[in-house]
Amino acid sequence: MGVSAMRSDTPTSGTDRSAVDLFCGAGGAGRGIHAAGFDVVAGVDKKADPLQAYNESLSSDPIQHDLSDVDPSILPTTDIDYLHGSPPCQGFSQAAGSRDADDDRNALVWRFVEWVDKLQPAAVTMENVAGMRSISTTWMDRLEGAFRDAGYVMRWRELNAANYGVPQTRKRVICVAVREDLPVPSQWFPAPTHTRSGTRTLDGRELDQWRTVEDAIGDLQHTTNGVTGEGIWRDPDEPAHTIGAESKHYIRVPNHEPQEHADETRQRLAAIEPGSTAGSTNASRVAADEPSCTIVSGNGTPPAHYQGPTHDDGARPDGGVGNVRRLTVRECARLQSFPDDHYFVGGKEEQYRQVGNAVPPLLQEKISAHITRIIRSVGAGGER
């Protein structure tokens, strides 16, 4: 792969820095990139339902396109400063069972590098599952070589979303690449803002404690039979976790309808201790006082809520577990750090898939804000 003629000699300045989000899904990364100050000129994906969610929730243009076809002419502009991509990860995922570095489903990673080669932005990020780094002993070396052939210096690191304020222990490989004609960054990745217990770093920074499940979803309305269809949301000036039934701050919370559960399902969920996973089934239950486990995209089977009894608490196998249930789509979205005005469309299983496949917007915002600092330092150096 050679260096394309589409290169922009210097990044733009101010709030006019432009970005494109490839494999954009329902818009988790796009939301974070925009929050970091970029003008997201397009989000591109193959699937219609996630693009509809993107269209409902974000101001940038969604484009339906099979990204295995590397065709920059589909974009409204090819003069961009920042390119992000989250190629589908089924071939890397530990959850997929046996893994093969040459799995056809991994090919989109190489297509993404071809997009980088064609567009030549100043900076690039790519997100994928942690299994990407261990699928073979040479995979990440091959990936660094592909970026180098495209004209980029690339570094990668596994980041935990909980260390950046997301109420979820979600580990992902993040690749950061900078065009080879630009200065190498002195710091490639954003510094963590949170840690398990909260602490002070050697350079004097205060790190907050990890955000918990209750921090994220504790203010959503519940009843003894599950959740209401509307939920509640506190007034911005009102402290969290002080809302009672008498509150006047009711609004409709989208994507917050509970699943229908058979009694046997509720009994199985009640048997799971909050914060643990149930053996071979991989069914899990969140704990109120710690971050969630990773929210995944499969089959509409999210973790169970921490509310409700467990069998160890004396719940009866023949009943008494009517308020034990799985998390709603909205609760999963909050654990991914989506705000409540981000909508998910399609059937319930499709909505869960859109949430689980997304990059947590808050994690992407921290990464993209770091990219703005890299680009700003480049821009300060003048023409190159």
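Residues numbered from 1 in each chain as written. Predicted model: local features only at pLDDT ≥ 70, side-chain atom pairs only at ≥ 80, totals over all residues. Heavy atoms only, no water.

Right, let's talk about the sheet that holds strand S8 (residues 194-195) for a bit. Taken in spatial order, the 3 strands line up as S8-S10-S9 in an open sheet, and their pairing is mixed. Taken across any chain shown, the strands that pair with only one partner, and hence form the sheet edges, are S8 and strand S9 (199-200). Where S9 meets strand S10 (residues 206-209), 2 bridges bridge the pair, whose relative direction is antiparallel. Looking at S10, one finds that Arg200 is bridged to Glu206. (Pairing = 2+ DSSP bridges. Helix = DSSP H or I, 4+ residues; strand = E, 2+ residues; numbered from the N terminus.)

One non-glycine residue, Phe23, lies in the positive phi region at around 55°. Along the chain, Phe23 turns up in the loop between strand S1 (18-22) and helix H1 (28-35). The class of Phe23 is buried, set by a relative accessible area of 11%. For Ser337, which is not glycine, the phi dihedral falls at a positive 80°. Looking at the element boundaries, Ser337 is found in the loop between helix H7 (329-335) and helix H8 (348-357). Assessed through its relative accessible area of 16%, Ser337 is described here as buried. (Buried < 20%, exposed > 50% of the residue type's maximum accessible area, 1.4 Å probe, protein only.)

Negative charge collects at one region of the surface, where Glu214, Asp215, Asp289 and Glu290 lie side by side. With respect to the helices and strands, Asp289 occurs in the loop between strand S14 (283-285) and H7. (Patch = residues over 30% accessible without salt bridge, like charges linked within 9 Å, V, L, I, M, F, W, Y side chains within 5 Å. Areas by Shrake-Rupley, 256 points an atom, 1.4 Å probe, with all protein chains shown as cover. Salt bridge = Lys/Arg side-chain N within 4 Å of Asp/Glu carboxyl O. Lys, Arg positive; Asp, Glu negative; His and termini not counted. Charge placed at Lys NZ, Arg CZ, Asp CG, Glu CD.)

Let us now look at the nonpolar core. Residues Leu22, Leu83, Phe112, Leu143 and Phe147 are the most contacted members of the largest nonpolar core, which totals 35 residues. Among the secondary structure elements, those contributing two or more residues to this core are S1, strand S2 (39-45), helix H3 (107-119), strand S5 (123-129), helix H4 (139-149), strand S6 (152-160) and strand S7 (171-179). The element contributing the most residues to this core is H3, with 8 residues. With residues up to four places along the chain from it excluded, the contact list for Leu143 reads Val109, Trp110, Val113, Met126, Met132, Met154 and Cys175. Grouped together as the second largest cluster of nonpolar side chains are 28 residues, Ala19, Leu51, Leu58 and Val166 included. (Core = buried A, V, L, I, M, F, W, Y, C linked by side-chain atoms within 4.5 Å. Contact = heavy atoms within 4.5 Å.)

Burial of S5 is extensive: 7 of the 7 residues sit out of reach of the surface. Of the pairings in the sheet, the one linking S5 to S7 comprises 7 bridges and is antiparallel in character. Bridged to Val124 within S7 is Ala177.

The next thing to look at is helix H2 (residues 48-57). Turning to H2, its buried residues are Pro50, Leu51, Ala53, Tyr54 and Ser57. In an axial view of H2, the angular spread of the buried residues amounts to 155°, which keeps them on one side of the axis. (Arc of directions from axis to C-beta.)

So, on to the environment of Pro167. Within the secondary structure, Pro167 sits in the loop between S6 and S7. Residue Pro167 is classed as buried on the basis of its relative accessible area of 0%. Separated by 46 residues in the primary sequence, Pro167 and Val213 have C-alpha atoms spaced 6.0 Å apart. Discounting residues that sit within four places of it in the chain, Pro167 has contacts with Arg211, Thr212, Ala216, Pro291, Ser292, Arg334 and Leu335.

Attention now goes to the packing of aromatic side chains. Under the definition given, this model contains 3 aromatic pairs. Ring geometry for Phe38 against Tyr82: centres 4.9 Å apart, planes inclined by 45°, an arrangement best described as tilted. With Phe38 in the loop between H1 and S2 and Tyr82 in strand S4 (residues 82-85), this pair connects stretches of sequence that are 44 residues apart. What makes Tyr82 buried here is its relative accessible area of 0%. Pairing Trp110 with Trp139 gives two aromatic rings, centres 5.0 Å apart and planes at 50°, and the pair type is tilted. One end of the pair, Trp110, is in helix H3; the other, Trp139, is in helix H4, with 29 residues separating them in the sequence. (Phe/Tyr/Trp six-rings, centres within 6.5 Å; stacked < 30°, edge-to-face > 60°.)

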